[in-house]
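# Analysis of the macromolecular model
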Amino acid sequence: MARITLQDLRHSYAPDPKTEADWAIKRLSLDWDDGGAYALLGPSGCGKTTLLNVISGLIRPTEGRIFFDGRDVTDATPEQRNIAQVFQFPVIYDTMTVYDNLAFPLRNRGVAEAEVDRTVREIAQMLDLDRMLKKRAAGLTADGKQKISLGRGLVRSDVVVIMLDEPLTVIDPHLKWTLRSKLKELHYRVARTMIYVTHDQTEALTFADQVVVMKEGTVMQIGTPVDLFERPKHVFVGHFIGSPGMNVLPCRVENGQALLAGAPVATVNAAAYRGNGKRLELGVRPEFVRFAPTGIPVDLVKVADAGRFRIVEMRHAEGTIRLLVPDGAAIPGSRGHVQFDPTRTQVYEDGWLVG
């Protein structure tokens, strides 16, 4: 296992970066604990795979240092760092059997055959591959091949970090839940540091203890799934996490009181505003909005059925407000009022949480 420290890290693919836009990874410093499960989450092109490859040693950062358990590995190769990386498309030997694919990393390091056999069978059992050890890898489904790719990292006892780059992209949707659950189970069993790259919030939030949300090379927030949902530090995080995402509405703050279209709205942090922002917004998740006899006036726009609840979209003078209504619950006519949970409503200044 390894504690990973990134110190004043930046990376650019440009030979002579001059502007912020030239940096694929903006300046960041991070500490990740031994044995943790982490996710790098963000839209395509946000820099998460670049960051993963910097940590693994496939890319040397333009600036900054990388430490594994206090040891500077900035110039070390992936082999010297003792990492295993599972890519989006499985890297296996199709002509070999499942057994030989799993055994290859150990045999390549001169491990005794008895130890190879014990380790391969143990890992195969963990991955539900034990009944197909004699099959050629070419005949397996995509999820079976991805299990082999993962298993080749797990067989090595010297691996301190396992990195997974969009590992479920090629997996059939109905198998994703099973393999995602297996990854979580494996993390508990092997207790190694794992870093999981994905653009899928469900994958990130169900796998990771801590999620790093990125946008355009910048780390927007690091936190637990609960942190990201209940207290997003930036409106981007509020939009990106959740389905539907957080409601964001322009507002004003006067004497510590948030005002929406001139009407007061109770929040948890308006009193902390010091009058420096160019843009002020209220943020509240649809889960924390409800219909009420009085409150914020709204007009009904549409209702979408989402199974156990319905997503109701309302129009307000300052923009769109979405809320979730349990299936079967009454919805007012074309006009009504909504109220926000005051303990879940927050003010954002130029996109960032006030206070």
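In the block above lies the structure referred to throughout.
Conventions we followed
- Residue numbers run consecutively from 1 along every chain, following the written order of its sequence.
- For a predicted model such as this one, the threshold for reporting local features is a pLDDT of at least 70, and the threshold for listing and counting side-chain atom pairs is 80 or more; totals across whole chains, interfaces and linings nevertheless cover every residue.
- Derived side-chain values reflect all non-hydrogen atoms in the structure, with water molecules and hydrogen atoms excluded from consideration.
- A run of DSSP states H or I qualifies as a helix once it reaches four residues; a run of E qualifies as a strand once it reaches two. Both are numbered from the N-terminal end.
- Accessibility here uses a 1.4 Å probe with only protein chains present; expressed as a share of the type maximum, an area under 20% marks a residue as buried, one over 50% as exposed, and anything in between as partly exposed.
- The method behind every accessible area is Shrake-Rupley, applied with a 1.4 Å probe, and residues are considered shielded solely by the protein chains displayed.
- Asp and Glu count as negative and Lys and Arg as positive, but His and the ends of the chain are not part of the count.
- To locate a charge, take NZ of a lysine, CZ of an arginine, CG of an aspartate or CD of a glutamate.
- Side-chain atoms within 4.5 Å link the members of a nonpolar core, which is a set of buried Ala, Val, Leu, Ile, Met, Phe, Trp, Tyr and Cys residues.
- Contacts were defined at the residue level, with two residues in contact if any of their heavy atoms lie within 4.5 Å.
- A pair is scored as a salt bridge if a Lys or Arg side-chain nitrogen falls within 4 Å of a carboxyl oxygen belonging to Asp or Glu.
- With a 1 Å grid spanning the protein atoms alone, the term cavity applies to any set of points in which a 1.4 Å probe fits but cannot get out, the term pocket to an open set with protein on both sides within 12 Å along at least five of seven lines, and the term lining residue to any residue with an atom within 4 Å of a point.
- Grid points are joined across faces, edges and corners, and a volume is the space filled by probe spheres set on the points.
- Each residue gets one of three labels, nonpolar for Ala, Val, Leu, Ile, Met, Phe, Trp, Tyr, Cys and Pro, charged for Asp, Glu, Lys and Arg, and polar for the others, Gly among them.
- Any two strands with at least two DSSP bridges between them are considered paired.
- Fitting a line to C-alpha atoms yields each axis, with helices limited to the stretch in contact; the angle taken between N-to-C directions then spans 0 to 180 degrees.
- Patches here: salt-bridge-free residues with over 30% relative accessible area, like charges joined within 9 Å, nonpolar side chains (Val, Leu, Ile, Met, Phe, Trp, Tyr) joined within 5 Å.
- By definition here, a helix of n residues has an expected span of 1.5 Å times n minus one.

## Details of the overall build of the chain
Within the chain, the secondary structure is distributed over nine helices and 21 strands. For the chain, the C-alpha atoms occupy an extent of roughly 75 × 50 × 30 Å along the three principal directions. Relative to its full complement of 355 residues, the chain shows a buried share of 49%. When the accessible surface of the chain is split by element, carbon and sulfur atoms take 50% of a total near 16,700 Å². Separation of charge centres in the chain, based on 44 positive and 43 negative side chains, amounts to 2 Å.

## Structural notes on the nonpolar core
Judged by nonpolar contacts, the single largest core of 46 residues is most densely connected at Leu102, Ile148, Leu150, Leu154, Ile162, Leu164 and Val211. When neighbours within four sequence positions are excluded, Ile148 is seen to be in contact with Ile92, Val98, Asn101, Leu102, Leu129, Ala137 and Leu140. Cys46, Ile55, Ala76 and Val160 belong to the second-largest nonpolar core, a separate cluster that totals 28 residues.

## Section: the pattern of salt bridges
As enumerated under the stated definition, the model contains 25 salt bridges in all. Residues Arg3 and Asp33 are paired through a salt bridge, measuring 2.3 Å at the closest nitrogen-oxygen approach. Taken together, the residues Arg3 in the segment before strand S1 (4-11) and Asp33 in the loop between strand S2 (25-32) and strand S3 (37-41) connect sequence positions 30 residues apart. We classify Arg3 as partly exposed; its relative accessible area is 34%. Close ionic contact of Arg322 with Glu313 constitutes a salt bridge, the shortest N to O distance being 3.4 Å.

## Some words on the layout of surface pockets
Approximately 450 Å³ is the volume found for the largest pocket. Mapped onto the lining of the largest pocket, the elements with two or more residues apiece are helix H2 (78-81), strand S6 (83-86), helix H3 (98-107) and helix H5 (142-154). By residue number, the principal contributor to the lining of the largest pocket is S6, which donates four residues. Across the lining of the largest pocket, the residue classes break down as 10 nonpolar, four polar and four charged. The space that makes up the second largest pocket amounts to roughly 200 Å³. Broken down by element, the residue count for the lining of the second largest pocket peaks at six residues, all from helix H4 (residues 113-126). Its residues assigned to classes, the lining of the second largest pocket comprises seven nonpolar, two polar and seven charged.

## Overview of the sheet that holds strand S10 (residues 218-223)
Either a parallel or an antiparallel arrangement is found when strands of a sheet pair, and the pairing is made through backbone hydrogen bonds. Overall, mixed pairing links the six strands, which are arranged S6-S7-S8-S3-S9-S10 in an open sheet. Pairing within the sheet leaves two strands with one partner each, and these edge strands are S6 and S10. In this sheet, adjacent strand axes meet at a mean angle of 15 degrees when their direction is disregarded. Where H5 meets the sheet, its contacts fall on S6, strand S7 (161-165) and strand S8 (193-198), and the angle it forms with S6 comes to roughly 175 degrees.

## Here we look at the sheet that holds strand S15 (residues 280-284)
The strand order S11-S15-S20-S21 describes an open sheet built from four strands, whose pairing is antiparallel. In this open sheet, the two strands that pair with only one neighbour each are strand S11 (247-250) and strand S21 (352-353). Strand direction decides the pairing type here: S11 and S15, joined by four bridges, are antiparallel. In the strand pairing of S15, Asn247 is matched with Val284.

## Brief notes about a nonpolar patch on the surface
Judged by side-chain polarity, Leu58, Phe87 and Val91 come together as a nonpolar surface patch covering roughly 260 Å² of accessible area. Mapped onto the elements of the fold, Phe87 is located in the loop between S6 and H3.

## Some points on H3
Counting buried residues along H3, seven of its 10 residues qualify, which places the element largely inside the surrounding structure. Those residues of H3 lying buried are Val98, Tyr99, Asn101, Leu102, Ala103, Pro105 and Leu106.

## Some details on empty space enclosed by the protein
Unfilled space is identified by rolling a water-sized probe across the atoms. Counted by the stated rule, this structure contains one cavity of 30 Å³ or more. Computed from the structure, the largest cavity encloses a volume of approximately 50 Å³. Among the secondary structure elements, those contributing two or more residues to the lining of the largest cavity are H5 and helix H6 (173-190). It is H5 that contributes the most residues to the lining of the largest cavity, three residues altogether. Class assignment for the residues of the lining of the largest cavity results in six nonpolar, one polar and one charged.

## Section: H6
For H6, which comprises 18 residues, the first-to-last C-alpha distance of 26 Å matches the rise-based estimate of 26 Å (1.5 Å per residue) to within 8%. Among all positions in H6, only Leu179, Arg180, Lys182, Leu183, Lys184, Leu186, His187 and Val190 are buried.

## Notes on unusual backbone geometry
Residues other than glycine predominantly adopt negative phi, and peptide bonds predominantly adopt the trans conformation. With an omega dihedral of 0 degrees, the bond running from Ser243 to Pro244 counts as a cis peptide bond. One can find Pro244 in the loop between helix H9 (235-240) and S11. Positive phi is not limited to glycine here, since Asp128 has a value of about 60 degrees. Unlike most non-glycine residues, Asp350 shows phi in positive territory, near 50 degrees. Considering the arrangement of structural elements, one finds Asp350 in the loop between strand S20 (346-349) and S21.

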